[in-house]
Amino acid sequence: MTTDAWMDLALQQAQAAADIGEVPVGAILVYQGECIAKAHNLKETRQDVLAHAEILVIQAAQKKLANWRLTDCELYVTLEPCIMCMGTILHSRIAKVVYGAKDLKWGGCGSVVQLNDIEKVNHQVEAVYFPEDRCSTILKDFFKAKRAKS
């Protein structure tokens, strides 16, 4: 599949988040050309600060592969991973992260801090910004609607 197709799957997850009132961020994890896990934000639903799409998709993939090391995996996510998520991505040894929108407040792949390729850390992650208008639009529309309600 192409990067566009993988991002489409991540966007479906983002829409699922939006549909339940969560910040619309979706993620998928790909292993050997197959999507092995999908997730979206559940922070509000679970009242759990750790329930970011990236954390949930990593947990699902680790369970499926019965291994915490995801060395041959690629993560596709609609929003640049935050600092917390980048720490988890590094620890789980994911090879590549592709994200569709920048996070100018919490971004861990260069928008705020560049955590993916610190030389002193024993693992580096290839981070690819794949600008996808739908990724930023779903977020803008979500927050615009939220502001209109309050």
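To be clear, the structure that these remarks concern was listed above.
Being a predicted model, the structure only gives us computed values, none of them experimental.

### Some thoughts on the packing of helix 1 (residues 3-19) against helix 5 (residues 133-149)
Stage number 1. Two elements in contact, helix 1 and helix 5, have axes whose closest approach is 10 Å; the angle formed by their N-to-C orientations is 5°. With respect to their mutual orientation, helix 1 and helix 5 come out roughly parallel. Facing helix 1, whose interface residues are Met7, Asp8, Leu11, Ala14 and Gln15, helix 5 presents Arg134, Cys135 and Ile138.
Stage number 2. Among the residues making up the contact of helix 1 with helix 5, the classes are represented as five nonpolar, one polar and two charged.

### Thoughts on the pattern of salt bridges
Between side chains of opposite charge, pairing is possible as soon as their charged atoms come close.
Stage number 1. Per the stated rule, a full pass over the model turns up two salt bridges.
Stage number 2. Residue Arg134 is joined to Glu132 by a salt bridge in which the shortest nitrogen-to-oxygen separation is 3.0 Å.
Stage number 3. Residue classification places Glu132 among the buried positions, given a relative accessible area of 12%.
Stage number 4. Members of the salt-bridge network, linked through shared partners, are Asp8, Glu132 and Arg134.

### Details of the sheet that holds strand 1 (residues 26-31)
Stage number 1. Reading across the sheet, the five strands line up as 2-1-3-4-5 and stay open at both edges, with mixed pairing between neighbours. A single partner strand is all that each edge strand has here, and the edge strands are strand 2 (34-40) and strand 5 (126-129). On average, adjacent strands in this sheet sit at an angle of 15° to one another, irrespective of strand direction.
Stage number 2. Of the strand pairs in this sheet, strand 4 (residues 96-99) and strand 5 are connected by four bridges, and their pairing is parallel. Looking at strand 5, one finds that Lys96 is bridged to Glu126.

### Side note on the environment of Gly33
Stage number 1. When you line up the elements, Gly33 lands in the loop between strand 1 and strand 2.
Stage number 2. Residue classification places Gly33 among the exposed positions, given a relative accessible area of 59%.

### Notes on the nonpolar core
Stage number 1. Core analysis: the largest hydrophobic core is formed by 41 residues, its most contacted members being Leu29, Val57, Leu75 and Ile89.
Stage number 2. When residues of this core are traced back to their parent elements, those giving at least two are helix 1, strand 1, strand 2, helix 3 (53-65), strand 3 (73-77), helix 4 (83-91), strand 4 and helix 5.
Stage number 3. Val57 has contacts with Ala27, Ile28, Leu29, Ala37, Lys38, Ala39 and Leu75, leaving out every residue within four places of it along the chain.

### Looking at the environment of Gln124
Stage number 1. Along the chain, Gln124 falls in the loop between strand 4 and strand 5.
Stage number 2. Accessibility expressed as a relative area gives 38% for Gln124, which makes it partly exposed.
Stage number 3. The spacing of Gln124 and Gly87 is 37 residues in sequence and 11 Å in space, taken between C-alpha atoms.
Stage number 4. Setting aside residues up to four positions removed in sequence, Gln124 forms contacts with Leu90, Ile94, Asn116, Asp117, Ile118 and Glu119.
Stage number 5. Engagement of the side chain of Gln124 in a polar contact is seen with the backbone oxygen of Ile118, the distance being 2.9 Å.
Stage number 6. A distance of 2.6 Å separates the side chain of Gln124 from the backbone oxygen of Val121, its partner in a polar contact.

What counts, and where the lines are drawn
Residues numbered from 1 in each chain as written. Predicted model: local features only at pLDDT ≥ 70, side-chain atom pairs only at ≥ 80, totals over all residues. Heavy atoms only, no water. Axes fitted to C-alpha atoms, helices over the stretch in contact; angles between N-to-C directions. Helix = DSSP H or I, 4+ residues; strand = E, 2+ residues; numbered from the N terminus. Parallel < 35°, antiparallel > 145°, perpendicular 65-115°, else oblique. Contact = heavy atoms within 4.5 Å. Nonpolar A, V, L, I, M, F, W, Y, C, P; charged D, E, K, R; others polar. Salt bridge = Lys/Arg side-chain N within 4 Å of Asp/Glu carboxyl O. Buried < 20%, exposed > 50% of the residue type's maximum accessible area, 1.4 Å probe, protein only. Pairing = 2+ DSSP bridges. Core = buried A, V, L, I, M, F, W, Y, C linked by side-chain atoms within 4.5 Å. Polar contact = N/O pair within 3.5 Å; in protein donor to acceptor, adjacent residues only side chain to side chain.

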